[in-house]
Amino acid sequence: MTHFLRARHDAILVGAGTAVADDPGLNSRLAPSSSSLGGKTRQQQPRPVVLDPSGRWDVGEQSRVVKAAKAGEGLGPWVV
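The notes below deal with the structure included here. (Residues numbered from 1 in each chain as written. Predicted model: local features only at pLDDT ≥ 70, side-chain atom pairs only at ≥ 80, totals over all residues. Heavy atoms only, no water.)

1. A closer look at the overall build of the protein
Item 1. Secondary structure summary: the protein contains three helices and three strands in total.
Item 2. Residue pairs at least 24 apart in sequence account for 67% of intrachain contacts in the protein once pairs closer than 6 positions are excluded. (Helix = DSSP H or I, 4+ residues; strand = E, 2+ residues; numbered from the N terminus. Contact = heavy atoms within 4.5 Å.)

Right, here's the structure in full:
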């Protein structure tokens with residue numbers, strides 16, 4: 001159900017605590033050709049947004065969200 005909901009939204013918002021503790025991929029793992037996506041493409045994955053006012057999250061090449069974006073399985077994160 002989580003990935004179904006992710007596929008239906010434009011963004012996924014998490015706080016720095018979640019990003020640091022869980023290293024989430026923040027994408028929808030449903031195949032883009034799935035009828036449940038309504039014809040969405042990989043470019044229409046939800047945008048990962050991480051709220052990090054103190055700069056706690058050490059985003060880099062090792063982060064799952066970055067790896068997913070490089071593999072074409074998601075979008076690069078916005079860090080606010």
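2. A word on the side chain of D52
Item 1. Position of D52 among the secondary structure elements: in the loop between β2 (47-51) and α3 (64-70).
Item 2. One buried charged residue, D52, forms no salt bridge at all, with the nearest opposite charge on R56 at 5.3 Å.
Item 3. In this structure the side chain of D52 is engaged in a polar contact, spanning 3.1 Å, whose partner is the backbone nitrogen of G55.
Item 4. Look past the residues within four positions of D52 in its chain and what remains in contact with it is A16, W57, V79 and V80. (Buried < 20%, exposed > 50% of the residue type's maximum accessible area, 1.4 Å probe, protein only. Lys, Arg positive; Asp, Glu negative; His and termini not counted. Salt bridge = Lys/Arg side-chain N within 4 Å of Asp/Glu carboxyl O. Polar contact = N/O pair within 3.5 Å; in protein donor to acceptor, adjacent residues only side chain to side chain.)

3. Details of the pattern of salt bridges
Item 1. Applying the stated criterion across every chain, the model contains one salt bridge.
Item 2. Where K70 meets E61, a salt bridge forms, and the shortest distance between an N and an O atom there is 2.5 Å.

4. As for the sheet that holds β2
Item 1. The strand order β1-β2-β3 describes an open sheet built from three strands, whose pairing is parallel. One side of each edge strand has no neighbouring strand; the edge strands of this open sheet are β1 (11-15) and β3 (78-79).
Item 2. Strand direction decides the pairing type here: β1 and β2, joined by five bridges, are parallel. Of the residues in β2, the one forming a bridge with L13 is V49. (Pairing = 2+ DSSP bridges.)

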